[in-house]
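Chain by chain, the residues run as shown.
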Amino acid sequence: MTSLTLVRRIKARPQVIFDAVTTAEGIAHWWGPDAGPVLLSESDPRVGGRYRVRFRMLDSTEHESSGEFLEIMRPERVVLSWRWTGAQEDPGESRIEITLRAVPEGTELTLTHSRLHDEETRSSHEKGWTGSLDKLEAHFAEGASA
Amino acid sequence: MQVLNQAKALIEMPRRTPARAHLPELFRRQEFDDRLTVDSYWRILSNMVNYQERLTRTFAALVDPTRRAILARLERKDGVSVSELAEPFAIKLPAVMKHLEVLDDAGLVTRSKSGRTVTVRLRPQPMRAAMEWLRRYEHFWSGSLDRLAAYAESQEAQARNRAR
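S.K.: So what exactly am I meant to see when it comes to the side chain of Ser81(A) here?
M.R.: All names here are of chain A. The topology assignment puts serine 81 in strand β5 (residues 77-84). Assessed through its relative accessible area of 5%, serine 81 is described here as buried. Apart from residues no more than four positions distant in its own chain, serine 81 is found in contact with Tyr51, Ser66, Gly67, Glu68, Leu70, Glu93 and Ser94.

Listed below in structure tokens is the structure:
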């Protein structure tokens, strides 16, 4: 229920797409839903390596996400963890899986963004809340004793 | 859920405790915008907690295939009795009642009792909120993949030209 899958056919070989998806230079060319620019792109494409992308949308809002490369099999598969860095977005960590399959006209790309809003996301979300709630509680405790 | 309940308790608290008097000082610290009044801060916090909590409940309710089947049935025929609703399912009535309770808690159905009959109706609003939330991600990825495809295709064309 809480995952999203998109399939695309692209007229390029899997390795060309793979590099566009995993390298900092590649990511800088496409990350973001509209024609707004990518402001920052960092990527260390190996298992355990991290990436960070910041982009501006045409409505001039800026968003940043980051995560870790969990699996890399050039040129057919890459799995990433994903987290919005900005506080205004969904909290918690989700997972992106991209598979690239060679087809006669190029490549069939399948992207699955999963673990959106599931138990794990919720518990890390609650962890995020706990920090700020602890502060509030401490404050109230002070107020009560004063 | 415990943390969310705590948050809710805190949201309600300043309205009825002297602690409220201490709040402005707390919110003047750098992590809060000075221009936000205490009331508007509480309103934002309250909305965030409620929104996230509602989404979590909706998704949790929708994760179960029997509950989705119940909703699908109600979509075809709304306003049916519990026993009529339970009929096609291979589970006992108490199990159906339990599922209905979860759906009711999530605000996805309403139950109204008249005499001995409980009538179940679909309430699709929370599903719309959940869909909207998913659509944001869909929008992000379909836009990004359009750009990825254009970029990869231009890279591929360049590589071919170089090879010539």
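There's plenty left to go through after this.
S.K.: Would you take a moment to explain the sheet that holds strand β1 (residues 80-81) of chain B for this structure?
M.R.: Sheet strands associate in pairs through backbone hydrogen bonding, adopting either a parallel or an antiparallel arrangement. All names here are of chain B. Taken in spatial order, the three strands of this open sheet run β1-β3-β2, and their pairing is antiparallel. Of all strands in the sheet, those bounded by a partner on one side alone are β1 and β2 (109-114). Across two bridges, the pairing between β1 and strand β3 (residues 117-122) is antiparallel. Residue pairing in the sheet places valine 80 in a bridge with valine 120 of β3. Contacting β2 and β3, helix α6 (residues 93-105) runs over the sheet at an angle of about 120 degrees to β2.

S.K.: What is the right way to read the nonpolar core from this model?
M.R.: One broad trend across soluble globular proteins is that nonpolar side chains are buried collectively. In this structure, Ile17(A), Trp31(A), Trp82(A), Leu109(A) and Trp141(B) are the most contacted members of the largest nonpolar core, which totals 41 residues. At the level of elements, β1 (4-10), α1 (14-22), β3 (50-56), β5, β6 (94-103) and β7 (106-114) of chain A together with α3 (38-62) and α7 (125-163) of chain B are the ones that each hand at least two residues to this core. Looking at this core element by element, the count peaks at 11 residues for α7(B). Once residues lying within four places of it in the same chain are set aside, the contact partners of Ile17(A) are Ile10(A), Ala12(A), Leu100(A), Thr107(A), Leu109(A), Leu148(B) and Ala152(B).

The rules behind these values
- Residues numbered from 1 in each chain as written.
- Chains lettered and ligands numbered in written order.
- Predicted model: local features only at pLDDT ≥ 70, side-chain atom pairs only at ≥ 80, totals over all residues.
- Heavy atoms only, no water.
- Helix = DSSP H or I, 4+ residues; strand = E, 2+ residues; numbered from the N terminus.
- Buried < 20%, exposed > 50% of the residue type's maximum accessible area, 1.4 Å probe, protein only.
- Contact = heavy atoms within 4.5 Å.
- Pairing = 2+ DSSP bridges.
- Axes fitted to C-alpha atoms, helices over the stretch in contact; angles between N-to-C directions.
- Core = buried A, V, L, I, M, F, W, Y, C linked by side-chain atoms within 4.5 Å.

By themselves, these are just geometric observations and shouldn't be taken as functional.
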